[in-house]
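Residues per chain, in single letters:
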Amino acid sequence: PFLENVIHFPIFREGQATTTMIDTSPELFEFKPRRDRASKLLQFLGNVIVNGNPHAKGYKPTAPMEPAPLPSWDRKQEPPSGTRQLLLEMGAKKFAEWTLKQKRLLVTDTTFRDAHQSLMATRVRSTDMLAIADAVARRTPKLFSLEMWGGATFDTSMRFLSEDPWQRLKSLRERIPNILFQMLLRGANAVGYTSYPSNVVAGFVKHAAACGMDIFRVFDSLNDLSNMKAAMEAVQDTHGICEAAICYTGDILDPQRSKYSLKYYVGLAKQLEKMGAHFLCIKDMAGLCRPYAASALVKALKEEIGIPVHFHTHDTSGINAASILRASDAGCDVVDLAIASMSGSTSQPNLNSVVAALQNTPRDTGLNLDTLNQFSDYWEQVRGFYAPFDTAPKSGSAEVYLHEMPGGQYTNLKEQAASMGLGGRWPEIARTYREVNDLFGDIVKVTPSSKVVGDMALFLFTRGIKPVDVVNLPPGTSWPESVIDMLSGGLGEPMSGWPPALVKAVLGTTKPKRAKLAPVKLKETKAEVAAKTKRDPSEDDLFSHLMYPSVFAEFAKFQREYGDVSALPTPAFFYGLKPGEEISVPIEEGKVLFIKLINVGAPDKEGRRVISYELNGMPREASVADKS
Ligand code: 3PY
Ligand code: ZN
C-alpha cells in the first residue's frame, strides 16, 4: 500500500519528488482500505436510507416514485445529421448566414437548463437528461439547439447533486452528437457570481468548447459591454458560436420608462455586432418583454443589424407565448422554449403548444408534435422526483412587471424569505425589491446584479428600513458585502453610473479604485489543486476549482468518499430505498449494478446500523452511523 500511495501521489506523478517528499508527506503512510465503486455507492445509499439526503429538505415521498415512461427510439438508427454537423462544416459565420435563410422558426429547447433552473432550483440530475438523450437525438433532430449547461447548473451540480458538471457535458455530447449545445456564460463572471481574470474566462471557454459546447450565450448583468469582451473574443477563437446578449428590462413601449428605450437596445446590439457577435440574443430573463414590445424590438433589430436574432423569454406573466409569436411574425430567427410539462410560470413558454400554433403556417417549425408530447409525459413524471424543489408559482402573474425578478431568482428568493420566516410577507418583499432597484438607479437585474438587489431587499426589509431612507442613514451601517462590492464597481458600470448619494451613503467619501484582475498562473494553480484534492487534477478539476474553490474542494472530498453517484436513480439519490426495493445503476458501458435493499438493522451501542443489500444477487453490507 505504501508504494501504491507513492505512485498516485501528485508530486511524484508530476516528477517533482525529492528526498524530502517522504518526510513532509505523512499521508503517504495512511493505508486506508480502498473501497471499490460498488461499496462506495452502497455506503452513500446507506447514509441516505438512515439519515436522509441532506439536500432533500427532509421531504419523504408518500408513495413509491415510479420510473418515468421513456419515449421509444430506434436502436439501429444513428442520429441523423443536424445543426452541429452544419456548424462544424460551415464555421460560425457561414452558419449564421444559413440561419438567416431559414423560413421555419428555429427552436432552442431549454428543458435541460433554464427550465429546471427557473422551476426547480436547478436540481435536475444528469441521469434524467441522459435517459432521454438518445430519443432527443433521433426524434427531434430538427431542433436548432439544446440549452443544457452554464448559468447556475455549474455550481449546483457540484454543491447539491454531488456530480461533475464537465461529465454532464461530455456524456450528453456522446449521446447527442447532432444538435448544437448551448450554454449561458455570464461574461466576466463566467459561471460564477464574481469577476474572474480574463485568462480564466478564456481558458474556461476553450475547455468547454473542447468538451463539446457550441453556442456561448454571453451577457453582462449590467449590460456593460466591456465585461463581455474577453469572453466574446475567447469564443471567437473556438469552433463555437458567439451569441452576445442584450439583457432586456423595463418596457420599450412605456414613455415614462425612457431609460431602457428601443434606441438603447438597438445601440447595444450594433456595438455587439461590431465586437464580432455571430448571433444577437434578446435576453428577457424576467419575462418583461410584452407581446407588442417583442414585435417592435425584433423588427427594429432585424432592420438595424445583419446577424440572426435569438429571443429568450420567461412565461412568468403567463402571456409570453404571445411574445414568442409576435417575435416570430417580426422575423425573429430562433426562439427559446421548454417541453410542455417543464414550461410556463417562471420557465420558458410551452414548446409543444408553440409548435402546434405554427403548424400549417409559413413558420412551421418542422418538429413532430406527437414526439414532443411523449417527451412531455416523460418530464412530467421526472418532475415529480424533484417535488421539494418545485416551488414556482402555479399560474402566471402580472406582479412580475412590478418586481422584475429574473425567472431563476424568483423561486430562490422566495425560498430564502420563507426560510427566514417571512413567507407570508412575500408581496411586501417583492415591493421592496422594486424599491431597491429604484434606489440603485433602475438597473438591469440578472445574475449577479439581481442577487445584489435581493440581498439588499432582504437586508432592509428585515431591519424595517425603507429603501428611500438609505441615503439619509448615518455613516457606519454594515451593508451586505455584495452591495459594497457592486457599488465599488465590482460588477462593472450600469448605464449612467451609480447614484452619487447612494454611493456616498454606502461607501463614504473614499472613492473606490478597482485594479484590473491579474491573470491566474494556471500551472501553479494545478499544483495547488493536486495538494488539495490528493489527486492528479484534470482540466475539468482545474476550472471547477477556479470557478468555485471551496465548493469544488467539498465535492472532491465527497468523490473520494463515495465515488460517482450520478448514475443512481433520482428517487434513490434523494429519498433512499425501502426494504425489498431494487434499482439498477449503470456505472459504465455494459456494466450495471442491481442493488436491492434487504434490511436496515437496529443501531448498535455506538449508534451504527448495518444495512443489508443484495448486489447483483450477492449479499453485501454497509455500516452507517445513525445521526438521529
Ligand atoms: C443565470 O445567469 O443563471 C441566468 O439564468 C440569468 O438569466
Ligand atoms: Zn432565462
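Here the structure is a predicted model, which means the values were calculated and not measured. (Residues numbered from 1 in each chain as written. Chains lettered and ligands numbered in written order. Predicted model: local features only at pLDDT ≥ 70, side-chain atom pairs only at ≥ 80, totals over all residues. Heavy atoms only, no water.)

Student: Mind showing me how you'd approach the overall build of the chain here?
Tutor: Check the secondary structure of the chain and you find 27 helices and 12 strands. Relative to the 2.2 N^0.38 estimate, which gives 25 Å for 628 residues, the radius of gyration of the chain is 25 Å and therefore close to what a compact globule would have. On the principal axes, the C-alpha backbone points of the chain span a range of 70 × 65 × 55 Å. Counting only residues that meet the buried cut, the chain has 56% of its 628 residues in that class. A fraction of 73% describes how many contacts in the chain between residues 6 or more apart in sequence connect residues 24 or more apart. With an accessible surface of roughly 26700 Å², the chain has 53% of that area assigned to carbon and sulfur atoms. Of the side-chain charges in the chain, 73 are positive and 71 negative, and the distance between the mean point of each set is 2 Å. (Helix = DSSP H or I, 4+ residues; strand = E, 2+ residues; numbered from the N terminus. Rg over C-alpha atoms; globule rule 2.2 N^0.38 Å. Buried < 20%, exposed > 50% of the residue type's maximum accessible area, 1.4 Å probe, protein only. Contact = heavy atoms within 4.5 Å. Areas by Shrake-Rupley, 256 points an atom, 1.4 Å probe, with all protein chains shown as cover. Lys, Arg positive; Asp, Glu negative; His and termini not counted. Charge placed at Lys NZ, Arg CZ, Asp CG, Glu CD.)

Student: What's the story with the pairing of strand S11 (residues 608–615) in this structure? I'm lost.
Tutor: Bridge count for strand S10 (residues 591–600) against S11 is five bridges, and the pairing is antiparallel. Bridge pairing in S11 links Leu597 to Tyr613. Here S11 folds back onto strand S12 (residues 618–625) in antiparallel fashion, the turn holding two residues, of which Asn616 has a positive phi close to 45 degrees. (Pairing = 2+ DSSP bridges.)

Student: How should I be thinking about the site of ligand 1 in this particular structure?
Tutor: The environment of ligand 1 is made up of Arg113, Gln117, Gly151, Ala152, Leu184, Arg186, Phe219, Lys283, Met285, Val446 and Thr447. In the environment of ligand 1, an oxygen atom lies 3.3 Å from a nitrogen or oxygen atom belonging to the side chain of Thr447. When isolated, ligand 1 has an accessible area of 230 Å², and the protein chains bury 97% of it. (Near = heavy atom within 4 Å. Polar contact = N/O pair within 3.5 Å; in protein donor to acceptor, adjacent residues only side chain to side chain.)

Student: Explain the coordination of the zinc ion (ligand 2) here, please?
Tutor: Any two of four tetrahedral donors ideally make an angle of 109.5 degrees at the metal, while pairs among six octahedral donors ideally make 90 or 180 degrees. Asp114 (OD), His312 (NE2) and His314 (NE2) make up the full set of protein donors to the zinc ion (ligand 2), lying at 2.0 to 2.1 Å. Binding-site remark: the zinc ion (ligand 2) is held by donors from one chain whose sequence spacing is D-x197-H-x1-H. Linking Asp114 in helix H7 (residues 111–119) with His314 in the loop between strand S7 (309–312) and helix H15 (320–329), this pair joins segments that are 200 residues apart in sequence. In this pair, the class of Asp114 matches that of His314, namely buried. (Donors = N, O, S within 2.8 Å, 3.2 Å for Na, K, Ca; no water.)

Student: What am I meant to see in the packing of aromatic side chains here?
Tutor: Describing an aromatic ring pair means giving the distance of the ring centres and the angle of the ring planes. Scanning the model with the defined rule gives 30 aromatic pairs in all. With a centroid separation of 6.0 Å and an interplanar angle of 80 degrees, the aromatic rings of Tyr386 and Phe574 are classed as edge-to-face. Placement of the pair is Tyr386 in the loop between helix H17 (369–385) and helix H18 (400–403) and Phe574 in helix H27 (residues 570–575), with a sequence separation of 188 residues. By the burial criterion, Tyr386 is buried, and Phe574 matches it. In textbook terms, an aromatic cluster arises when at least three aromatic residues are bridged by ring pairs, as seen for Phe44, Tyr59, Tyr386, Phe389, Phe558, Tyr562, Phe573, Phe574 and Tyr575. In this structure, Arg125 is placed above the aromatic ring of Phe573, and the distance from its NZ or CZ to the ring centre is 4.1 Å. (Phe/Tyr/Trp six-rings, centres within 6.5 Å; stacked < 30°, edge-to-face > 60°. Lys NZ or Arg CZ within 6 Å of the ring centre and 35° of its normal.)

Student: Would you take a moment to explain the environment of Tyr196 for this structure?
Tutor: Examined against the element boundaries, Tyr196 turns out to sit in the loop between strand S3 (180–185) and helix H11 (198–210). Assessed through its relative accessible area of 10%, Tyr196 is described here as buried. When the C-alpha atoms of Tyr196 and Phe574 are compared, they prove to be 33 Å apart, with 378 residues separating the residues in sequence. When sequence neighbours within four positions are dropped, the list of residues in contact with Tyr196 reads Ala188, Asn189, Ala190, Val201, Leu517, Leu546 and Met547.

Student: Just to check I follow, could you spell out the pattern of salt bridges for this structure?
Tutor: When the charged atoms of two side chains with opposite charge come close together, those side chains can pair. Here the structure, examined in full by the defined rule, presents 30 salt bridges. Between Arg37 and Glu588 there is a salt bridge, with the nearest N and O atoms lying 2.6 Å from each other. Here Arg37 is found in helix H4 (residues 37–51), whereas its partner Glu588 is found in strand S9 (residues 582–588), with 551 residues between them in sequence. Arg37 gets classed as partly exposed once you look at its relative accessible area, which sits at 43%. Across the salt bridge formed by Lys270 and Glu304, the nearest N and O atoms sit 3.0 Å from each other. Of the two residues, Lys270 sits in helix H13 (residues 262–274) while Glu304 sits in helix H14 (residues 291–304), which places them 34 residues apart along the sequence. Each of the salt bridges in this network shares a partner with another, and the network as a whole consists of Arg257, Glu404, Arg434, Asp438, Asp442 and Lys445. (Salt bridge = Lys/Arg side-chain N within 4 Å of Asp/Glu carboxyl O.)

Student: Would you mind going over the side chain of Ser612 with me for this structure?
Tutor: Considering the arrangement of structural elements, one finds Ser612 in strand S11. Using a relative accessible area of 17% as the deciding quantity, one classes Ser612 as buried. Non-local contacts of Ser612, meaning those with residues more than four positions away in its chain, are made with Lys596, Leu597, Ile598, Asn599, Arg620 and Glu621.

Student: Looking at this structure, how should I read the side chain of Ser323?
Tutor: Structurally, Ser323 is set in helix H15. Of the polar contacts made by the side chain of Ser323, one reaches the backbone oxygen of Cys289; its length is 2.8 Å. For Ser323, the contacting residues outside a window of four places in its chain are Cys289, Arg290, Pro291, Ala294 and Phe311.

Student: When you look at unusual backbone geometry in this model, what are you seeing that I'm missing?
Tutor: With glycine set apart, most residues show a phi of negative sign, and most peptide bonds adopt trans. Residue Pro448 is reached from Thr447 by a cis peptide bond, and omega for that bond is 0 degrees. Position of Pro448 among the secondary structure elements: in the loop between helix H20 (426–439) and helix H21 (449–463). Not every positive phi belongs to a glycine, and Thr122 is a case in point at roughly 65 degrees. The buried category is assigned to Thr122, whose relative accessible area is 4%. Even without glycine at this site, Asn360 takes up a positive phi of about 60 degrees.

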